[in-house]
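Topology and contacts: notes
Chain residues, written in single-letter form:
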Amino acid sequence: MKVTKLASTLVLIWAAATATAGAARAASAPVQPAARPPAAQPPQSAHPAPATAAPPALPAASPASPASRTAAPSAAGVSGAPGVPGAAPAGAEANGDAAPLPPPSTAAQHLYAAAKNDILQVRSLLKSGRTQSSVGSGFLIGTSNLVLTNYHVVSQFALDPDTYVGEWVDTGGQRGNVELLAVDVLHDLAVLRVNRNGTGFFKMPPQLARLTQGQYLYSMGNPLDLGFAISEGAYNGVITRSFYDQLMFTGPINSGMSGGPSVTADGSVAGVNVSKRLDGELVSFLVPARYAQDLLKKVDQQHKAPTDFTAVVAGQLLAHQTAMVNQLLSSPLSLKPMGPYQVPVRESEQMRCWGRSNVKADKPFTVDDASCAMESAIFVSGSLQTGQIAIRHQFLRSAGLDKLRFAQLASASFRNEHFGSNKDARLTGPNCTEDFVKNKDLPLRTVLCVRAYRKFAGLYDFALLTASTDQGLMSLQSRLDARGVSYDNGLRLARVFLDSLSLAPTAAPAKKGGK
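Here the residue numbers are simple positions, counted from 1 along each chain's written sequence. Only residues with pLDDT of at least 70 are given local features in this predicted model, and only at 80 or more are side-chain atom pairs given and counted; all residues enter the totals for whole chains, interfaces and linings. The basis for every side-chain value is the complete set of non-hydrogen atoms in the structure, without hydrogens or water.

Looking at the nonpolar core
In this description, a nonpolar core means a group of buried Ala, Val, Leu, Ile, Met, Phe, Trp, Tyr and Cys residues linked to one another through side-chain atoms lying within 4.5 Å. Summary of the burial criterion: residues with accessible area below 20% of their type's maximum are buried, those above 50% are exposed, and those between are partly exposed, where the area comes from a 1.4 Å probe applied to protein chains only. Residues Tyr151, Leu180, Val313, Ile389, Phe456 and Phe462 are the most contacted members of the largest nonpolar core, which totals 69 residues. For this analysis, residues touch if any pair of their heavy atoms sits within 4.5 Å. If near-sequence neighbours (up to four positions away) are discounted, Val313 is found in contact with Tyr151, Leu159, Val183, Val185, Val380 and Phe456. If you look at the next biggest cluster of nonpolar residues, it comprises 32 residues, including Leu111, Leu148, Leu181 and Ala292.

Things to note about the packing of aromatic side chains
Within 6.5 Å between ring centres, the rings of Phe, Tyr and Trp (the latter by its six-membered ring) count as paired, and their orientation is classed by plane angle as stacked under 30 degrees, edge-to-face over 60, tilted in between. On inspection of all chains with the given rule, the structure shows 8 aromatic pairs. Measuring from ring centre to ring centre gives 5.2 Å for Phe139 and Phe202, while their planes differ by 65 degrees; the resulting arrangement is edge-to-face. Of this pair, Phe139 sits in strand S3 (residues 132-140) while Phe202 is found in the loop between strand S8 (189-193) and strand S9 (216-221), placing the two residues 63 residues apart along the sequence. The rings of Phe139, Phe201 and Phe202 are connected pair by pair, giving a single aromatic cluster. Counting from the N terminus, the helices are DSSP H or I runs at least four residues long and the strands are E runs at least two residues long.

Re helix H6 (residues 289-301)
The end-to-end C-alpha distance of H6 is 19 Å, a good match for the 18 Å that 13 residues give at a rise of 1.5 Å each. Here H6 has its buried residues at Ala289, Tyr291, Ala292, Gln293, Leu295, Leu296 and Val299. Elements that come into contact with the buried residues of H6 comprise strand S4 (146-149), strand S7 (179-184), S8, strand S13 (269-277) and strand S14 (284-288). Every helix has an expected span of 1.5 Å times one less than the residues it contains.

Some thoughts on the state of the cysteines
Any pair of cysteine sulfurs within 2.5 Å is marked as a disulfide. For the structure on display, the rule yields 2 disulfides. Paired through a disulfide, Cys353 and Cys372 show a sulfur-sulfur distance of 1.9 Å. Taking the sign of the torsion about the S-S bond as the criterion, the disulfide between Cys353 and Cys372, at about 110 degrees, is right-handed. Of this pair, Cys353 sits in strand S17 (residues 351-357) while Cys372 sits in strand S18 (residues 365-374), and the two are 19 residues apart along the sequence. On the basis of relative accessibility, which here comes to 23%, the residue Cys353 falls in the partly exposed class. Each sulfur of the disulfide joining Cys432 and Cys449 lies 1.9 Å from the other. Between Cys432 and Cys449, the disulfide has an S-S torsion of 110 degrees and is therefore right-handed. Of this pair, Cys432 sits in strand S22 (residues 431-438) while Cys449 sits in strand S23 (residues 443-452), placing them 17 residues apart in sequence. Owing to a relative accessible area of 37%, Cys432 belongs among the partly exposed residues under this scheme. When the bonded cysteines of the protein are counted from the start of the sequence, the pairing works out to 1-2, 3-4.

Things to note about the packing of helix H5 (residues 151-159) against helix H7 (residues 309-328)
The axes used here are C-alpha line fits, helices contributing only the stretch in contact, and every angle between their N-to-C directions lies in the interval 0 to 180 degrees. Across the interface, H5 lies against H7 with an axial gap of 9 Å and an inter-helix angle of 130 degrees. Accordingly, the angle class assigned to the pair H5 and H7 is oblique. Within the contact between the two elements, H5 uses Tyr151, Ala158 and Leu159 and H7 uses Phe309, Thr310 and Val313. Here the residues of the contact of H5 with H7 sort into 5 nonpolar, 1 polar and no charged. Orientation is classified from the angle alone, with under 35 degrees giving roughly parallel, over 145 giving roughly antiparallel, 65 to 115 giving roughly perpendicular, and any other angle giving oblique. Here the term charged refers only to Asp, Glu, Lys and Arg, the term nonpolar to Ala, Val, Leu, Ile, Met, Phe, Trp, Tyr, Cys and Pro, and the term polar to all other amino acids, Gly among them.

Topic: the side chain of Asp461
Relative to the helices and strands, Asp461 is located in strand S24 (residues 460-468). Comment: no salt bridge for buried Asp461; closest opposite-charge side chain is Arg483, at 4.9 Å. N or O atoms within 3.5 Å of each other form a polar contact, as long as, within protein, one can give a hydrogen and the other can take it, and as long as residues adjacent in sequence are counted only when both atoms are side-chain atoms. Within the structure, the side chain of Asp461 is placed 2.6 Å from the side chain of Tyr453, a separation counted as a polar contact. Reaching out from Asp461, the side chain makes a polar contact with the backbone nitrogen of Gly484 at a distance of 2.9 Å. If near-sequence neighbours (up to four positions away) are discounted, Asp461 is found in contact with Thr386, Leu427, Cys449, Val450, Arg451, Tyr453, Ala482, Arg483 and Gly484. Positive charge is attributed to Lys and Arg, negative charge to Asp and Glu, and no charge count is given to His or to the chain ends. We define a salt bridge as a contact between a side-chain nitrogen of Lys or Arg and a carboxyl oxygen of Asp or Glu at a distance within 4 Å.

Let's talk about the confidence of the model for the protein
Values of pLDDT, ranging from 0 to 100, describe the predictor's confidence in every residue of the model. Summary statistics for the protein give a mean pLDDT of 82 and a share of 78% for residues scoring 70 or more. Across residues 1-63, confidence stays below pLDDT 50; counting only partners more than four residues off in sequence or on other chains, it has 165 contacts. Every residue in residues 68-98 is under pLDDT 50, and counting partners more than four places away or in other chains gives 50 contacts.

In structure tokens, the structure reads:
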């Protein structure tokens, strides 16, 4: 069967997936973002964890943590008991068990004293009872009543305003309600309006400060809901591996500081605290100030705030997937050899590939694994990240099994794939079709599954699984996952991926001599 026939067959999913999504939107209550725990995962980047004989589903996002995502602290956290990270038991210093902490630098003291009146804590509260659900930070711009923070700080009351409401608290203990004016989910920013004005410390001038590597920066916020604080660190360049630029800040940014400002020694805003790596020391990230500047300009031009931020987020995610897919397919995919096959990958600053093998003398079979993931995932809510493409190839082979036993092994590996649950509140159940096809030179068993997003119209998750069927003791099993793409772009990716799988070229046979 030709590839084109598979594509035409799979288009039949469109009607079913659309109908399922429509029914789900009509029949299901909106997704209720769960309270965000201290270890909730962010938009980030890290090495995907390759599998061996039992392939996983789409690789998870990296161990970076948005710096605001923390539930209301326990009593021990509030009181500064020994259980709090970094807190020393009472009397430890007096007994000589711990060295005294160094005093803050003069620059940090002066900056905090000048800026403290314009730093806020931003809280997400349950409307019922007004109990705290998550906390972050923010800062007042100039002498206006506009506050900059992260999107992930406000995501609960942005997407579910019937359940959650926002509140600000300043360093003097004053508090009030917030009005959400704009979000930029792609760069993790939001603008709020509050019922007080800034003193003019944090400015966003047309000409932003130029940064040099090693320059001191000072990050402010309310870490772990323990109180307002300032931390020192160094600027170490722009991270180009992420899909959108971020600044690397070699300094502490802890949970609760997301949305707070990071400034130079003269008080110029360099960026907005956003996340940190959990697998490193003092590896933190800032949203560049220019993105905040752009969002503030949009707020200045809009007549009134949107009434439905779910639709705003959906539109931004659709724009993101267009850019992501176009970048991936801007040139032909690279072909890498795996045994007698060639497999498509894309190695770039935004998409890294990793490989491993289970080669052992006592194993009757060998599995080589290559996994690639685009570092483009977007944080939408505490339970949803999307906007990512991942590719995985596994080459299974055996010299110790007969063909029947190897076929059982390969089939078990193929069946072990997971495409999602019918009970998922975020997406519809997977709608799958299976076929045996042949592209230009390789016969394949294929399964394509599509899931529709319940709250974000026009977005889908696609998963394409293939297995070669041309060898008795070898099997190439490949998987493409595209999360948060349009239906057309999902099919486009599937066709390109399917067409790119092939047999490796062999040396041309030698010509026989003679007349």
